[in-house]
Amino acid sequence: MNINLTMIGQAIAFFIFVVFCMKYVWPPIIAALQERQKKIADGLAASDRAARDLELAQEKSAQELRKAKQEAAALIEQANKRANQIVDASKDDARIEGQKLVEQAKAEIEQQRIQARDALRAEIAAIAIAGAEKILESSVDADKHSAMLDKLAAEL
Amino acid sequence: MAGTASDYIRHHLQNLTYGELPADYQRTDGTVLNESTWTIARSAEEASDMGFWAVHLDSLGWSIFVGALFLFLFRMAAKRATSDTPGGLQNFVEVMVEFVDQSVRETFHGRNKVIAPLALTIFCWVFLMNLMDLVPVDFLPQLFHLAGLEYMKVVPTTDVNVTLGMSLSVFALIIYYSLKVKGVGGFLGELTMHPFSSDNLILKILLVPVNFLLEGVSLLAKPISLALRLFGNLYAGELLFILIALLPFWAQWALSVPWAIFHILVITLQAFIFMMLTIVYLSMAHEDNH
């Protein structure tokens, strides 16, 4: 066991190795490690954020859906109401129109009845005159008896 | 594998030493040197006669080799480091870096850019040096013997010079940061005012030498224990491998395999302990709570 210069040599080598390690080995590796650590942390944070965003979006979409449904329901209700209104209105219209038609028809019928009666009356008068002529074997002077005939006709 | 068992063991525990032999020195083969010469020792006596100004080529060579291997691998990974999907090498390197970073974070709470890379270097380097222990004991020495080198001790951490060189560097850092963080006065105060303290000024002054002795010993014990723990564990492990290698070749596996498996644990643990203690010592140097 000789203690000799080897000790100094080893110390010098030690010093050089440590300095080399400190300058050229440690920093890049540690930097890479830290960078990766940061990347992973960022990635995790991003995924967290994305999950939260997704949740928010889902909530929002559910909300929108609900709102849309509500709107649609309101629209349908409105439409129904409107349709009912229209149906009611048209029913009323139809009823009025129908009444009007009926009244018109009635009026027409009345008119025709009156006309027919008038015509009938005239004809009856004529027939009565003809009958009376036959009975009397003489002609009835239409001009002479027209007043009487009119009176008769009015009685019919 | 020539000679007796003790020769074999001694041969295996001898470093390849390069140093200066003085003039008129009689070498192992009997030749006498005319003038002082720088040369490779051919025997254990020659190596110890070279004194302090000699270098263990094998320890230093292997330690620098595995250290450079570590830095080469990690540098390659660092250059290609990406924050996207990492490749196999980067994965491995990141695991090591994370592990060391975590250890440092748990123990050291100050801000210091040196400690984490220092700990990484210590852990990987010591581990790789220890790992050389798992290379069969005769494999590399035999190869180098063929290449003409007499001695080759391939596990740098079984050389107390190597472990001392590292632990004394750590010690220098302890002193440096103690002085930097606490200042000269603070550091001296820590050495002299603790653990015994008094409100009485005279008693306080009287206690200074006692405190200084205690704290000084505990301070000096740090690098020594750091170096000797690693050295002792690896030396013992290497010695056991060498002893196992003395068995007949067909019986060696029965002992060397279990020991090698157990040794995987030891070398990792020792590298970890060296790293952890370095971090602890340096964090103590940063703490200013006295």
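Here the structure is a predicted model, which means the values were calculated and not measured.

(A) View of the overall build of chain A. Helix and strand content of chain A: two helices and zero strands. Over its C-alpha atoms chain A spans a radius of gyration of 60 Å, topping by over 25% the 15 Å that the globule rule assigns to 156 residues. Taken along its principal axes, the extent of the C-alpha atoms in chain A is 190 × 20 × 20 Å. The buried share among the 156 residues of chain A stands at 15%. Carbon and sulfur atoms form 60% of the exposed surface of chain A, whose accessible area is close to 12,100 Å². Computing the positive centroid from 22 side-chain charges and the negative centroid from 24, chain A places the two 16 Å apart.

(B) Examining the packing of helix α3 (residues 57-79) of chain B against helix α5 (residues 115-131) of chain B more closely. Residue and element names in this part refer to chain B. Interaxial distance between α3 and α5 falls to 9 Å at its minimum, and their mutual angle equals 125 degrees. Our classification of the angle between α3 and α5 gives oblique. The handedness of the crossing between α3 and α5 is right-handed. Residue-level inspection shows Ser63, Val66, Gly67, Phe70 and Phe74 of α3 in contact with α5, the latter providing Leu120, Thr121, Cys124, Trp125, Leu128 and Met129. Tallied by class, residues from the contact of α3 with α5 come to eight nonpolar, three polar and no charged.

(C) Molecular detail of the packing of aromatic side chains. Residues and elements named next belong to chain B. All chains considered together, the criterion is met by 16 aromatic pairs over all chains. Ring centres 5.6 Å apart and planes at 85 degrees place the aromatic pair Trp62 and Phe65 in the edge-to-face group. Of the two residues, Trp62 and Phe65 are both situated in helix α3; the distance of three residues between them amounts to about one turn of the helix. The exposure class of Trp62 is buried, given its relative accessible area of 13%. The class for Phe65 is partly exposed, based on a relative accessible area of 45%. Look at Trp259 and Phe262: their rings are 5.4 Å apart centre to centre, the planes differ by 40 degrees, and that puts the pair in the tilted class. Taken together, the positions of Trp259 and Phe262, both in helix α9 (residues 249-286) and three residues apart, correspond to about one turn of that helix.

(D) Molecular detail of a nonpolar patch on the surface. Nonpolar side chains collect at one region of the surface, where Ile3(A), Ile8(A), Ile12(A), Phe15(A), Ile16(A), Tyr18(B), Trp38(B), Phe52(B), Trp53(B) and Leu57(B) lie side by side and expose about 990 Å² of accessible area between them. At four residues, helix α1 (residues 6-136) of chain A tops the list of elements feeding residues into the nonpolar patch. Positionally, Ile3(A) belongs in the segment before α1.

(E) Geometry of unusual backbone geometry. All names here are of chain B. Positive phi, close to 65 degrees, is recorded for Asp24, a residue that is not glycine. Mapped onto the elements, Asp24 comes out in the loop between β1 (17-21) and β2 (37-40). On the basis of relative accessibility, which here comes to 62%, the residue Asp24 falls in the exposed class.

(F) Representation of the state of the cysteines within the structure. Throughout the structure, instances matching the rule amount to zero disulfides over all chains. Cys21(A) takes part in no disulfide bond, and the closest cysteine sulfur, belonging to Cys124(B), lies 7.7 Å away. By relative accessible area, which is 0% here, Cys21(A) ends up buried.

(G) Representation of the interface of chain A and chain B in the model. Across the boundary between the two partners, chain A contributes 29 residues, which contact 55 residues of chain B. Summed over both sides, the interface of chain A with chain B buries roughly 3,700 Å², with 73% coming from carbon and sulfur. It is Gln10(A), Phe14(A) and Trp26(A) in chain A that bury the most area against chain B; as a group they hold 20% of the surface buried on that side. Applying the counting criterion to the chain A and chain B interface returns two salt bridges. With a shortest N-O distance of 2.8 Å, Glu94(B) and Arg36(A) are connected by a salt bridge. Linking chain A with chain B are 14 residue pairs in polar contact (both at pLDDT 80 or more).

(H) View of the sheet that holds strand β3 (residues 54-56) of chain B. Residue and element names in this part refer to chain B. Taken in spatial order, the three strands make up an open sheet running β2-β1-β3, and their pairing is antiparallel. Two strands in the sheet have a free side with no partner beyond their single neighbour: β2 and β3. For this sheet, the mean angle separating the axes of adjacent strands, direction not counted, is 20 degrees. Both β1 and β2 contribute to a ladder of four bridges, which runs antiparallel. The residue of β2 that forms the bridge with Leu21 is Thr37.

Criteria and thresholds
Residues numbered from 1 in each chain as written. Chains lettered and ligands numbered in written order. Predicted model: local features only at pLDDT ≥ 70, side-chain atom pairs only at ≥ 80, totals over all residues. Heavy atoms only, no water. Helix = DSSP H or I, 4+ residues; strand = E, 2+ residues; numbered from the N terminus. Rg over C-alpha atoms; globule rule 2.2 N^0.38 Å. Buried < 20%, exposed > 50% of the residue type's maximum accessible area, 1.4 Å probe, protein only. Areas by Shrake-Rupley, 256 points an atom, 1.4 Å probe, with all protein chains shown as cover. Lys, Arg positive; Asp, Glu negative; His and termini not counted. Charge placed at Lys NZ, Arg CZ, Asp CG, Glu CD. Axes fitted to C-alpha atoms, helices over the stretch in contact; angles between N-to-C directions. Parallel < 35°, antiparallel > 145°, perpendicular 65-115°, else oblique. Left-handed = near helix turned anticlockwise from the far one by under 90°. Contact = heavy atoms within 4.5 Å. Nonpolar A, V, L, I, M, F, W, Y, C, P; charged D, E, K, R; others polar. Phe/Tyr/Trp six-rings, centres within 6.5 Å; stacked < 30°, edge-to-face > 60°. Patch = residues over 30% accessible without salt bridge, like charges linked within 9 Å, V, L, I, M, F, W, Y side chains within 5 Å. Salt bridge = Lys/Arg side-chain N within 4 Å of Asp/Glu carboxyl O. Disulfide = S-S within 2.5 Å. Buried area = accessible area lost by both parts, 1.4 Å probe. Polar contact = N/O pair within 3.5 Å; in protein donor to acceptor, adjacent residues only side chain to side chain. Pairing = 2+ DSSP bridges.

Remember, this is a structural readout, not a statement about activity or role.
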